[in-house]
Amino acid sequence: MTELVDQDAELWIFGYGSLIWRPAFEHDRRQAAGLAGYERRFCQASHDHRGTPALPGRVVTLLPVPGSVCHGMAYKLPDRGRGEILEYLDHREQDGYERLYAPLHVEGGMRVAGLTWVAHESNPSWRAGESLEDVARLIAERHGPSGSNREYLYELEQALNALEMPDPHVSELSQRVRQLANED
């Protein structure tokens, strides 16, 4: 669902992948948050960051799963410069991602207006249905302009564990990639 944002309203960005450990944009506050009804999955091909057009890597997106909550990090945007920040994030999340406006639950029980980027199954980079083994093999081997696909996975796992919000899918995938890369 894409909507226009009231430029005067408070807006929080929800990070569930690399935005957790590398937001790279100005923000007024940072808090742990949850987005209800979604789970994080490695089912989006990355042609521009963690892979190449010829050998795309895999990065996370959100899949709708009733009753689930995806845990991540929320960043309250400043009033000034919001347009430039949103342009930056639209560019960063360009390979098949679209804006999703949804309420976030942040620490302290607050519910805030949230924005995140989600890849939908209609985009050409969608790769749902690949086995965990196939995804692990791709992640173990792929590299792109932003670094290795393994680094992306390991950074995400480390950030989630440090925030005490481990994700079983990320942990299982990391374990399998380490075995394939002989890092265990």
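Note that the coordinates shown come from a computational prediction; the quantities given were computed from them, not determined experimentally.

Description of the pattern of salt bridges
- Scanning the model with the defined rule gives 13 salt bridges in all.
- Glutamate 130 is the partner of arginine 58 in a salt bridge, and the nearest nitrogen-oxygen pair spans 2.8 Å. Placement of the pair is arginine 58 in strand β3 (residues 57–76) and glutamate 130 in the loop between β5 (110–119) and α3 (132–141), with a sequence separation of 72 residues.
- Among the residues examined, arginine 58 registers a relative accessible area of 5% and is labelled buried.
- The exposure class assigned to glutamate 130 is partly exposed, which follows from its relative accessible area of 27%.
- Two residues, glutamate 133 and arginine 137, come together in a salt bridge whose shortest N-O distance is 3.7 Å. Placement of the pair is glutamate 133 and arginine 137 together in helix α3, with a separation of 4 residues, close to one helical turn.
- With relative accessibility at 28%, the residue glutamate 133 sits in the partly exposed group.
- Here arginine 137 falls in the partly exposed class, since its relative accessible area comes to 36%.
- Through salt bridges with shared partners, a single ionic network connects Glu133, Asp134, Arg137 and Arg176.

Section: α3
- Restricting attention to buried positions, one finds in α3 the residues Val135, Ala136, Leu138, Ile139 and Ala140.
- In the core, the buried residues of α3 are packed alongside β2 (29–46), β3, α4 (149–162) and α5 (168–180).

A look at the environment of serine 171
- Tracing the sequence through the fold places serine 171 in helix α5.
- When its relative accessible area of 25% is taken as the criterion, serine 171 is described as partly exposed.
- In the structure, serine 171 is positioned 14 residues away from glutamate 157 in sequence and 6.4 Å away in space, judged by C-alpha atoms.

Quick word on helix α2 (residues 82–92)
- The set of residues buried in α2 consists of Arg82, Ile85, Leu86, Leu89 and Arg92. Burial along α2 is one-sided: seen end-on, the buried residues are contained in an arc of 120 degrees. In α2, the exposed positions that point more than 90 degrees away from the buried face belong to Glu84, Glu87 and His91.
- Those residues of α2 that are buried are in contact with β1 (12–15), α1 (18–21), β4 (97–106) and β5.

Digging into the packing of aromatic side chains
- A complete count under the given rule lists 4 aromatic pairs for this structure.
- On the basis of an interplanar angle of 70 degrees and a centroid distance of 5.7 Å, the ring pair of tryptophan 21 and tyrosine 152 is categorised as edge-to-face. Taken together, the residues tryptophan 21 in helix α1 and tyrosine 152 in helix α4 connect sequence positions 131 residues apart.
- Ring centres of phenylalanine 25 and tyrosine 75 lie 5.4 Å apart, and the angle between their planes is 75 degrees; this geometry places the pair in the edge-to-face category. With phenylalanine 25 in the loop between α1 and β2 and tyrosine 75 in strand β3, this pair connects stretches of sequence that are 50 residues apart.
- We classify tyrosine 75 as buried; its relative accessible area is 0%.
- Taken together, Trp21, Phe42 and Tyr152 form an aromatic cluster joined through their ring pairs.
- Its guanidinium or amino end placed over the ring of tyrosine 154, arginine 178 lies 4.2 Å from that ring's centre, counting from NZ or CZ.

Quick word on the sheet that holds β4
- What the 5 strands build is a closed barrel, ordered β1-β3-β2-β4-β5; its pairing is mixed. Strand-to-strand twist across the sheet, computed as the mean angle between neighbouring axes with direction ignored, equals 50 degrees.
- Summarising the sheet, β2 and β4 pair through 2 bridges and their orientation is antiparallel. Within the sheet, the bridge partner assigned to alanine 33 lies in β4 and is valine 106.

Rules used in this analysis
Residues numbered from 1 in each chain as written. Predicted model: local features only at pLDDT ≥ 70, side-chain atom pairs only at ≥ 80, totals over all residues. Heavy atoms only, no water. Salt bridge = Lys/Arg side-chain N within 4 Å of Asp/Glu carboxyl O. Helix = DSSP H or I, 4+ residues; strand = E, 2+ residues; numbered from the N terminus. Buried < 20%, exposed > 50% of the residue type's maximum accessible area, 1.4 Å probe, protein only. Contact = heavy atoms within 4.5 Å. Arc of directions from axis to C-beta. Phe/Tyr/Trp six-rings, centres within 6.5 Å; stacked < 30°, edge-to-face > 60°. Lys NZ or Arg CZ within 6 Å of the ring centre and 35° of its normal. Pairing = 2+ DSSP bridges. Axes fitted to C-alpha atoms, helices over the stretch in contact; angles between N-to-C directions.

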